Structure formats: structure tokens, C-alpha cells
Amino acid sequence: MELFANLHTGFAAVLSLEAIGYCFIGALLGTLIGVLPGIGPAATISLLLPFTFGIEPLPAMIMLAGIYYGSQYGGSTTAILLNLPGEASSVITAIDGYRMAQQGRAGTALAIAAIGSFVAGTLATLVVAAVATPLAEVALGFGAPDYFALVLVGITTCIVVANGSVLKAFAMVALGLILGTVGLDQNTGIGRFMFGQAGFADGLSFVAAAMGLFGLTEIIGNLASTDAGARRTHKVGSLIVARKDLKAATPPIMRGTVMGSILGILPGSGALLASFLSYSVEKRVSATPERFGHGAIEGVAGPEAANNAASQTSFIPMLTLGIPSNAVMAMMIGALLMQGIQPGPSMLERQPELFWGLIASMWIGNALLLVLNLPLVGIWARIIGVPYAILYPAIVVLCCVGVFAISNSAFDVYVMCGFALLGMVLLRLGCEPTPLLLGMILGPMLESYFIRAMALSRGDLTIFLSRPVSATLIAVAVVMVVLTCLPAIARNRDRVLKE
Amino acid sequence: MTLSVKNQQDMGCGAIFVALGALCLYLGRDYRFGSLAAVGPGFMPKTAAVILIGIGLVLCLKALFGAAGPKIWIPLKATVLILGACLLFALTLRPLGLVVATLLTVVVARVAHRPFNAWRSLLLGLAIALVMTALFIWGLGLQIRAFGPVLGG
């Protein structure tokens with residue numbers, strides 16, 4: 001069957017000692033940085049990108065895959081041990097995970113998170129392998145209006161899962177769209193909002209924005225809060241998972257995998273949506289829902305599985321369509337472009353061993369993490385236990401050097417500071433930074449596809465509705481927005497997100 | 001009838017959105033908006049700016065007539081110090097080199113954390129500078145000097 005032939009190609013390309021070695025280093029570094037409070041996967045990947053520049057494309061991608069999973073796992077670890085989610089989708093894990101840690105069951109929580117993630121990742125890899133080729137073929141028939149609608153869905157999912165008011169999230173996206181226009185306009189060649197600075201020509205640096213909006217703002221927030229000094233890690237305890245815990249965790253893992261696999265494909269915050277949905281479903285389906293919020297293992301197993309499955313399948317739109325699902329995927333695309341690889345339908349045709357090699361390395365990254373991190377969790381816990389007063393200056397310097405390293409210019413450090421200021425002020429006013437970042441990344445695409453669509457239809461807006469694909473996608477986006485605004489769902493959503 | 005701001009967050013947000021949107025419209029006033037058939041460079045920014053202003057106004061109204069919300073509080077000291085540390089880094093990196101730039105950045109950043117111990121901060125700065133040099137200059141080959149020209153490097 002073609003599926004297995006493809007997977008075989010991939011694994012053959014990737015199962016060399018050298019490749020696995022790179023994956024291992026990537027996973028190690030990714031977890032190490034990902035475990036640091038305040039540095040989530042997006043910031044982690046941007047910090048470690050320079051490490052992949054000197055290597056060949058395939059090993060570089062494999063290392064990136066390792067970094068990717070490492071950072072995700074690091075984020076889950078801090079969520080469980082410290083109630084400090086490394087990124088948005090670990091927020092759900094923290095709810096019951098941290099409770100379990102407080103009850104002395106941190107080891108079980110971490111183990112189930114790792115196992116659930118691995119199972120979900122394995123199944124999701126099969127999904128990716130199965131879906132990639134047909135989707136790429138379908139995508140070859142996609143036109144500008146369809147791509148536009150796809151990006152629109154991406155933006156909409158981001159607004160829908162944003163913490164806090166939908167109105168503010170919408171505004172943040174709009175702001176992001178505006179910031180995304182800074183630089184030389186692709187279509188006309190004129191400079192927009194550049195103030196005569198050559199440094200703006202390629203637009204505002206994505207890495208600088210991510211570091212400023214997430215890394216630095218987090219540090220400022222931590223310093224300002226009164227308990228910044230005392231960060232107690234709970235004892236990890238035994239990692240051996242009791243049989244009844246495993247039994248209890250299996251159905252949520254299965255359900256979470258399915259949800260995550262499907263939602264991850266949609267551009268946008270699929271992972272967050274998936275873990276959020278998984279938590280709600282598990283609570284609804286459980287015979288004893290009152291345990292949720294107080295250390296229910298299902299509340300960790302399901303969302304973690306969903307999260308990882310979605311993380312895996314979110315490679316699909318990136319690899320087959322060239323559209324980043326989220327901030328992290330945008331970094332991966334950036335990294336691939338640096339290596340001279342253009343993700344998209346043509347990649348499947350022209351460089352199949354690269355394509356399938358990446359998919360295979362995704363699974364290897366997953367496996368390595370399970371093998372690597374469970375024994376090492378004690379070390380990670382100790383790193384987290386290092387006093388914040390020592391960690392945060394290191395993180396500040398790391399951000400500065402990292403941003404500088406990407407483009408060899410101090411200009412971007414200034415950009416990072418600008419974003420930090422903006423992010424900090426807006427955060428205090430109740431606005432989430434993620435929609436802003438995504439607006440910045442997806443904005444240029446949205447504009448470019450819109451212009452092309454309008455050129456095709458000569459200014460006729462109904463082209464979006466007359467094509468089946470774009471019409472369906474736009475309908476999906478509208479339904480999502482309407483559902484979120486309905487009072488019943490709004491209340492439910494606020495309740496879960498506020499926890 | 002006296003209007004009082006019930007929700008500071010919404011008011012602050014709304015005001016900033018209106019201001020930013022207006023700023024964008026002003027700065028981009030020369031960018032051609034174009035038409036649907038021939039979209040110009042001003043289309044996207046101006047449309048987004050109008051949306052931003054619209055939402056800003058709605059938020060301001062919500063702030064006056066809606067439910068009450070928490071007070072705003074901006075951590076001024078931490079912000080100034082951390083951002084100042086980064087700016088210092090950017091300014092001193094080329095002339096003074098990685099080691100000194102890191103040292104200065106760490107010390108300034110540490111002031112934000114009470115209690116501030118100058119010697120410990122210096123020590124930490126040196127340790128971090130060493131790690132950064134090893135990692136980025138020796139490990140990754142970053143094109144920056146450990147000790148810059150001003151220091152005779």
C-alpha cells in the first residue's frame with residue numbers, strides 16, 4: 001500500500017545514527033529551554049534556530065523536529081510542576097496536572113502526559129502520512145480564493161480560543177494585520193510605515209516580536225508580582241504509573257487523539273482548541289465530573305493527547321499547503337526557507353524523501369522524548385527549582401543574543417523592546433498577545449491571496465461564495481464566530497478559560 | 001448625568017485602539033486604497049485600522065455603560081529596567097563586545113529584583129557572559145567579538 005511505501009522512504013532517509021543523534025540533541029535542547037519559565041515553544045524554537053543553520057537540510061529538519069517536541073514537552077512539564085504553562089495549550093494540562101503535583105502525584109501526571117503524547121503522536125503520524133498525499137493533490141486545485149478562506153479560518157480559530165473577550169482578540173488580530181504590512185509591499189514595491197528605516201524593509205522581525213510579546217512580557221510580569229521569588233517545585237515522586245491510572249487514562253487518550261488529529265489540520269490554534277475541547281468532553285463524559293479541577297487523571301491524559309495529536313497534524317497544512325497553522329509552524333517554515341526548502345504541494349513532488357523524512361523524524365522525535373525525558377525529569381525539575389533571580393537575567397540575555405543572532409543586527413533588539421512594551425501594556429488591559437502575532441504572520445498571506453482573488457474575479461466579492469472550497473471554509477469561520485458569541489457557549493468558554 | 005468609567009481595562013484598551021487606528025490612518029494617508037478590482041497598498045492597513053477604531057469605540061462605550069472591571073496597574077519599574085537592560089545590550093554589543101554587554105545587561109536586569117546585591121549580580125553576570133560566549137561565539141560562530149574595539153579587543 002502506498003502509505004507504507006511512503007513511510008518506508010521516510011524512515012529509510014532518517015534512520016541513521018547521525019540523524020537520530022541530531023534529533024536527540026534537538027530534543028534535549030528543546031526540553032531544556034522549553035522548561036525554563038517564560039519561554040514557550042515559539043520562543044524556544046526561535047532561540048534554537050541558529051543551531052540548525054550550519055547543517056544539511058534533512059538533519060536540520062530532524063533537529064528542528066526534536067526541538068519542537070522537546071519544547072512542547074518542556075511546556076507540559078512546567079505546567080504540571082509549577083502551574084506555569086509554557087504555552088497556551090498547556091494551560092489546560094495545568095488545571096488538573098498541577099493539582100496532581102500538589103497531591104504528590106506529579107510523577108504519574110508527567111508519565112501519563114508523556115505516554116499519552118507518544119500514543120497520540122504515533123497515531124497522528126499515521127494520519128499525517130495517510131492524508132498528506134491526497135491533500136496535496138487536492139491542494140493543487142486550490143485557487144487564491146480558497147487559500148484566502150483557509151487563512152481566514154486560521155485567524156478565526158485564533159480569535160475563538162483567545163483568553164478573554166472575543167472583541168479584544170479581534171482587535172489584536174486587526175492590529176497584527178496592520179503591523180504585518182510594515183515593510184516593502186510585495187505587490188507594488190512601495191514601502192509602508194517604514195519611517196525611512198532600511199531595517200524595516202523585510203517587515204517586523206517575527207522572532208523579535210515573539211520574544212518581546214511572550215518572553216520579556218512574562219519576565220516583567222513575574223518580577224512585578226509579589227511572589228516572584230518563591231517558586232516551589234513539588235516533589236516529582238514515582239514515575240511508575242498504577243494500572244488503574246493507565247486504565248482510566250486510555251479512553252481519554254484515544255478520544256483526545258481523534259479530536260486533536262482533526263482539529264490540528266485546520267489552520268489556527270488547533271492545538272489549543274483540541275485540548276480545550278478534550279477537557280470539556282472528558283468532563284462531560286465522566287461518571288464523576290466533580291473530580292475535574294482537583295486532580296483527575298483524565299484531565300491531563302485527554303488534553304495532552306489532543307495537544308500532541310494536533311501538534312503533529314498541524315504539520316499538514318504547513319507541508320502540503322505552505323500555510324503555517326500557528327506561530328510555531330511559521331518558525332518551522334522560516335527555518336525550512338533558510339535551508340532552501342519551500343514547503344507546499346510542489347515539495348511532495350520534487351523532494352519526496354525530504355517530505356517523508358520529516359514525517360518519519362516527527363515520530364522519532366516523539367519516541368526519543370518518551371525515552372529521554374521520563375528518566376531525566378528529575379533534572380528538569382531541578383532546573384525549574386533554580387531561583388528565578390538567577391534564571392531571569394539569563395533569559396533576558398538569551399533573548400537579546402538570540403534576536404541579534406538571527407539577523408546579525410541590533411535593530412531587531414529595538415524592535416523586540418517595542419513589542420515588549422506594547423505587549424505589556426495590552427496584557428494589563430486584558431488583551432492576549434497571540435492573536436496579534438498570528439495576525440502579523442498571516443496578514444501578508446491574507447492580503448496577497450485577497451488581491452489575487454480579486455484580480456481573478458475583477459473585483460467581484462462573490463467569487464468566495466461561488467467556489468465550493470472557499471464557500472465551505474468561510475461558512476466554517478462564520479459558524480465558529482457565531483457559536484462563540486452565543487451566550488450559552490460564551491459562558492462555558494469563559495468558565496473553562498478562566499481557570 | 002455624570003458618566004464614570006466603570007471598566008478601566010476596557011477604557012484603556014478602547015482608547016489605545018482608537019488612537020492606534022487613527023495613527024495608522026494618518027501615517028498611511030498617502031497609500032492608495034484602490035478599488036476591489038484593483039486593490040491598492042492602502043487597502044489592508046486602512047480596512048484593519050477602521051475595524052480597530054470601531055472596536056475601540058465599542059470598548060469605550062462598554063467601559064462607560066457596561067459591567068465593572070479590575071483596575072489597571074502597570075509595573076513601571078520592572079518594565080523600565082528590563083527594557084532598559086535590553087536597550088543597553090543593543091547599544092553596547094558592538095563597541096564593547098559580548099562579555100561586557102552581557103555583564104551590564106545582567107546587572108541592570110537584576111536591579112528589578114529585590115534585594116539587589118551588587119557583587120552577586122556581577123558574579124552572575126560574569127557566569128552568564130561566559131556561557132553565552134561559549135555557546136554563541138565558540139559554539140555557533142556568531143560574528144561578534146567577546147571584547148569589542150573600544151576595549152581594545
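Quick note: structure is the one above.
None of these values were measured; they are calculated from a predicted model.

What counts, and where the lines are drawn
- Residues numbered from 1 in each chain as written.
- Chains lettered and ligands numbered in written order.
- Predicted model: local features only at pLDDT ≥ 70, side-chain atom pairs only at ≥ 80, totals over all residues.
- Heavy atoms only, no water.
- Helix = DSSP H or I, 4+ residues; strand = E, 2+ residues; numbered from the N terminus.
- Rg over C-alpha atoms; globule rule 2.2 N^0.38 Å.
- Buried < 20%, exposed > 50% of the residue type's maximum accessible area, 1.4 Å probe, protein only.
- Contact = heavy atoms within 4.5 Å.
- Areas by Shrake-Rupley, 256 points an atom, 1.4 Å probe, with all protein chains shown as cover.
- Expected span 1.5 Å × (residues − 1).
- Buried area = accessible area lost by both parts, 1.4 Å probe.
- Salt bridge = Lys/Arg side-chain N within 4 Å of Asp/Glu carboxyl O.
- Polar contact = N/O pair within 3.5 Å; in protein donor to acceptor, adjacent residues only side chain to side chain.
- Nonpolar A, V, L, I, M, F, W, Y, C, P; charged D, E, K, R; others polar.

A. Up close: the overall build of chain B. The number of helices and strands found in chain B is five helices and zero strands. The secondary structure elements of chain B, listed N-terminal to C-terminal, are α-α-α-α-α. Compactness check: chain B gives a C-alpha radius of gyration of 24 Å against a globular reference of 15 Å for 153 residues, more than 25% above the reference. Taken along the three principal axes of its C-alpha coordinates, chain B extends 65 × 45 × 25 Å. Expressed as a percentage of the 153 residues in chain B, the buried residues total 42%. Considering only residue pairs separated by 6 or more positions, chain B has 61% of its internal contacts joining residues 24 or more positions apart. Counting every atom, chain B has about 8100 Å² of accessible surface; 72% of that belongs to carbon and sulfur.

B. Examining helix α7 (residues 144-161) of chain A more closely. For α7(A), spanning 18 residues, the distance from its first C-alpha to its last is 26 Å, which sits close to the expected 26 Å at 1.5 Å a residue. For α7(A), a buried count of 17 out of 18 residues is recorded, marking the element as mostly surrounded by other parts of the structure.

C. Up close: the interface of chain A and chain B. Taken together, the contacts link 62 residues of chain A with 59 residues of chain B. For the pair chain A and chain B, the summed buried surface comes to about 5300 Å²; carbon and sulfur atoms form 84% of the total. For chain A, the biggest contributors to the area lost against chain B are A:Phe193, A:Arg428 and A:Leu429; these three give 11% of the whole. Here chain A and chain B share one salt bridge between them. Between A:Lys168 and B:Asp10 there is a salt bridge, with its nearest N and O atoms 2.9 Å apart. Across the chain A-chain B interface, the total number found is seven residue pairs in polar contact (both at pLDDT 80 or more). For the side of chain A that touches chain B, the secondary structure elements donating two or more residues are α8 (166-180), β2 (191-192), α9 (206-224), α17 (388-407), α18 (411-428) and α19 (434-457) of chain A. Along the lines of polarity and charge, the residues of the side of chain A that touches chain B split into 47 nonpolar, nine polar and six charged.

In short, the description is geometric, and any link to function would need to be established separately.
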